[in-house]
Amino acid sequence: MWLNERAVPYANVVAYSADSVLVMGCVTDSVGIFNLNANADFIEVSYVGYNNKRLTISNKTDIGVIPLEIANEQLREIIVEAQIPQFSVVPSGIVANVDGTLLSYYGSMDDVLNRIPLVSFKNDELNVFGKGSALLYIDGQPIVANVADVISQLSPANIKSIDVVTNPGPEYAADVRSVVKITTLRSGEGFGALAHTEWNFAHKVSNNDHISLNFRHGGLDIFGSVKLALSRGKDYARTTDNLLANNTLYTEKDTSTYKGKRWLTSVGFSQKAENKLFGAKYVYSNLPQYDTNNIGEALITDTVSSPYFACENSNATYHDISVYYEGEIANDVSLRVDADYTQGNNATSNVREESAESVAMDTKNNYKVAAIKAQAQISNALGGNVNVGADYAYTNDKQKLCAEPTSASVQIVEGENISEQNLYAVFASYNSQIGDFSVDCGLRYEHSNLNYSADDDEQNKTYKGLYPNATIAYQGEALQTSLSYKRSLTKPNYEQLRNTTSYVNQYNYKAGNPNLKSCVNNELTAMVGYNDAYAMITMLRMKNFVADDYQLWQSDKLLYKPLNIRRFSLLTMSAGYSEEVGLWSVDVEVNAQIQKLKNASNKPLLMCEITNYFECGPLVFNVSLLGNTRGDILYTTYKPKLRTDCGVSARLFDKRMRIIVSANDIFRKDYENWQINKEQFSVNYKGYADVRSVNVSLVYMFNYMRSRFEGKSASDEFSRMQSSKNGK
C-alpha cells in the first residue's frame, strides 16, 4: 500500500464477495505488505485521512502496488486537508508517524524519541515504560553498540515512523521485553548526501558533525558515513553516607569536568535482484579519548574537610560485520538468513588521591560475539502466516582489574575472569486476521551454557526453558484494543558477573557477583486506543530480579553490588492524548508505577509530560514540561522535579535545509535527587549534569536516501554484551 510513493503501515484491507458480503480482512504490516487467502471478488482498502480504494481481485494472486490518495474536501473556499494521525495503537504496540507530523520538525532524534509514547532515551539508554530496556532497530538493522552516535546520525525529516513493540515475538531472545523500530523514508535514485552539524552550548561547548553518502541505481545501493563527536561538560554532585553502626557521616562534594572524542564510520551495500535481497555492512567505532577529572572535598562527621582529586581516562574500539540474505524458496515460502560478528575492547585507568590514600586502578575488557539466525515465513498457511526458525550465538568476554593501593586498608579485590557462552534456540509463531480481529502467538525454546572461570573459581551455568507469548487484538477504525501475555528471561550482563571489587572512596566500594541467577518474568499487558487517545496497563511478576544495590560491608563501609531479589511485582499504567486546534497542538502523556517489594516503602511514582506546538508559516515552536512526583524505584526514593524545554525549527530551500534552535532545562530544575534509607545506613545524593544548554543544529540534504540495507540481528546476545560497554 502506498501514498505519495510511501508505504502505508497498518491500513485496513477487507475482502468481499460479488454480492458485497464480507469474506475476511487483515491489516498491512509496518512496510505496507499484506496477505489474504480468500475466495473473494474485490477488496477495499482504508486508511485514516485518505480516500478508500476498491479493487477487483478475481483470479489474481498478486495485485501489486495499491496507491492511495489524500482526502481533500473544499467547502466555501476553505480547503480542509486530512492529516496523518501522529500516534495509533496496533496489535504489536504503538506506531508513531513522524513524516507528515510535527515530530519531523524537531532538531534531533533524541528529542523525537523522548516525545514518542512510552519511550525515553536518556544517558544513551533506550527504555519503554513498564518494559525496561528496549532493543533498537533501524530499517530492520539492530543497533547494539554506540546507540547514541547512531541515533544522532538520523534526521527527523527523513523518518517515516517509529514502532514501539510491547510484546516481542519468539524470534527475539528470551530476555527481550520491548523493541523500538525506526523506519526511514526511501525514494529516488542517484547520488545523495546528508550533512549535519550540531553545537551544544552549556558550561562547555560540544559539537557533533557527520556526513552520510548514498548511491542508488536499480537494485544496487552503496552507502557510507563518517561522524566525529567532541563532548565537553561540567557536572556537580553531593553525596552523604550515614553509617549508623559507627556513627559516621561521610559527605563528598565534587565538580566533574569531562571531554571526549569519538569517531564512527560505516560502509556497506545491498542488492535486490528479482525475488532476492542480500547485503553486507561494516561498522567501526573508535573512542581514542574520554577523560574525566573530579575535584572535591570530603567531610567525615565533624572533622575538618579534606580535599581529594580523581581522574579517569578511557579508550575503546569496536568492529561489527553484518550480512544477510532473503528470498523466495517456494510459492508463499520465503527464507531469511542473518549473520553477525562483533569484537571490541575498552580500557579505563583511574587514579584517586586523598589525604590519607592514593589508589590507581586499571580495568581492561575484550569481547567478541558471533551469531547466525535462519527463519522461514510461510504465507497463507492454516488460515494465516507461520514463521519458524533457529539461531545460534557464541560469546566470549574477558575482564581484568589491576590496582596499586598505597595502604593495606584499601580492600580492592583484583582479578581476571573469562565468560564463554554457547546459546541455541528454536522458535515458531503464527498470526491470523479475521475481520477486525487478529491473533498472534509463538513459542521459543532457548538453551545456553555459560562457562565462567576466574582466578580461584570455575562455574558452569545452564539457562534453558520454554518462553511463550500470545496477543489477541481488535483493530477498528476508531477503537483499537489488545491483550497480550509474555514469559521472558533476563540474564545478568557480563559486567555484573565479574569477580572483582573496585575502590570508590574510603567508605564506598563497587563489586560484581559471579553467583547471580537469571530473572524469570511473567507479564500481562492490555492496551486500548480511541481516536487520539491511548492507554496501557502492564502487570509484571519477577523471580530472582537482578538489581544493583548498596549493602553494609565489613561493618564500616558500603558495597554497591548486584543482587537477586527473590520476588518483585510491578504495576505500570500509561495514558496519552493528542489534540489540535488551529495553529496549536498538544501531546499529553501520564505514566505511573506501583511496586511491591519487601523492605521498601513502595511509594507510587507518577510522571507527566506535556508538549505544546505552535505553527507559524515555515516555523514551528515547541514548549515542553516534564516532571515526576516523589516515589520509589526499588529501594531508592526519588524526589520531585520539573523540567522546561523550548525550541524553534525552520525548513528552507524546499525542505532540504533545516535550522533548529532549542533551550533545554531553562530553569535548571532537572536535578538527580534521591535517597536510600535502610536499617543500618542511609545514602543521600543530589547531582546536576550539564543539562541546561542552548542547542543549535543545521542539516542539509541533497537527494538524500537512507540505505536499503535490511540486515537484522542474528542474536540479541549482542545487546546483553553491549549493555555495559557503550562507552561515554
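Everything that follows concerns the structure shown earlier in this document.
The model shown is predicted, which means the values in this text are computed figures rather than measured ones.

Chemist: What is the right way to read the nonpolar core from this model?
Modeler: If you look at the biggest cluster of nonpolar residues, it comprises 41 residues, and the most contacted ones within it are Met109, Leu113, Ile116, Leu136, Ile162, Val180 and Ile182. When residues of this core are assigned to their parent elements, the largest contribution, four residues, is made by helix 2 (residues 147-152). When residues no more than four places from it in sequence are discounted, the contact partners of Met109 are Ile151, Leu154, Pro156, Ile159, Ile162 and Ile182.

Chemist: I tried to follow unusual backbone geometry on my own but got confused; where do I start?
Modeler: A negative phi angle characterises most non-glycine residues, just as the trans form characterises most peptide bonds. One non-glycine residue, Asn380, adopts positive backbone phi at about 55 degrees. Taking relative accessible area as the criterion, Asn380 reaches 26% and is therefore assigned partly exposed. One non-glycine residue, Leu634, adopts positive backbone phi at about 55 degrees. Inspection of the secondary structure puts Leu634 in the loop between strand 40 (631-633) and strand 41 (636-638). You can call Leu634 buried: its relative accessible area is 18%.

Chemist: Teacher, can you tell me more about the sheet that holds strand 15 (residues 135-138) here?
Modeler: Strand order across the open sheet formed by six strands is 10-11-17-18-15-16, with mixed pairing between neighbours. Of all the strands in the sheet, the pair left with one neighbour each is strand 10 (87-90) and strand 16 (141-143). Taken over all neighbouring pairs, the strand axes of this sheet differ in orientation by 25 degrees on average, direction set aside. In this structure, strand 17 (residues 159-165) lies alongside strand 18 (residues 179-184), joined through six bridges in antiparallel fashion. Bridged to Asp163 within strand 18 is Lys181.

Chemist: Any chance you could explain the side chain of Gln459 here in plain terms?
Modeler: Mapped onto the elements, Gln459 comes out in strand 30 (residues 458-475). On the basis of relative accessible area, Gln459 is assigned to the buried category, the value being 18%. Apart from the residues within four sequence positions on either side, Gln459 is in contact with Leu450, Asn451, Tyr452, Pro514 and Asn515.

Chemist: When you look at the environment of Leu299 in this model, what are you seeing that I'm missing?
Modeler: For Leu299, the position within the fold is in strand 23 (residues 276-300). Taking relative accessible area as the criterion, Leu299 reaches 33% and is therefore assigned partly exposed. Residues Leu299 and Lys253 lie 46 residues apart in sequence; the distance between their C-alpha atoms is 8.8 Å. Here Leu299 is in contact with Leu249, Tyr250, Thr251, Val304 and Ser305, once residues within four sequence places are set aside.

Chemist: Whenever I open this one, the sheet that holds strand 13 (residues 125-128) confuses me. Can you help?
Modeler: The strands that make up a sheet are held in pairs by hydrogen bonds between backbone atoms, and each pair lies either parallel or antiparallel. The sheet built from three strands is open, its strands ordered 12-13-14 with antiparallel pairing. On the outer flanks of this sheet lie strand 12 (119-122) and strand 14 (132-133), each paired with one strand and no other. Examined bridge by bridge, strand 12 and strand 13 share four bridges and lie antiparallel to one another. Within strand 13, the position partnered with Ser120 by the bridge is Asn127.

Chemist: Please explain the pattern of salt bridges as it appears in this structure.
Modeler: For side chains bearing opposite charge, pairing can occur when the charged atoms are close. Summed over all chains, the structure comprises 16 salt bridges. Of the charged contacts, one joins Glu609 and Arg115 as a salt bridge, the two residues approaching to 3.1 Å between their closest N and O atoms. Highlighted residues: Glu609 in strand 38 (residues 605-616) and Arg115 in the loop between helix 1 (109-113) and strand 12, separated in sequence by 494 residues. Between Asp221 and Arg216 there is a salt bridge, and its shortest N-O distance comes to 3.6 Å.

Cut-offs used in this document
- Residues numbered from 1 in each chain as written.
- Predicted model: local features only at pLDDT ≥ 70, side-chain atom pairs only at ≥ 80, totals over all residues.
- Heavy atoms only, no water.
- Core = buried A, V, L, I, M, F, W, Y, C linked by side-chain atoms within 4.5 Å.
- Buried < 20%, exposed > 50% of the residue type's maximum accessible area, 1.4 Å probe, protein only.
- Helix = DSSP H or I, 4+ residues; strand = E, 2+ residues; numbered from the N terminus.
- Contact = heavy atoms within 4.5 Å.
- Pairing = 2+ DSSP bridges.
- Axes fitted to C-alpha atoms, helices over the stretch in contact; angles between N-to-C directions.
- Salt bridge = Lys/Arg side-chain N within 4 Å of Asp/Glu carboxyl O.

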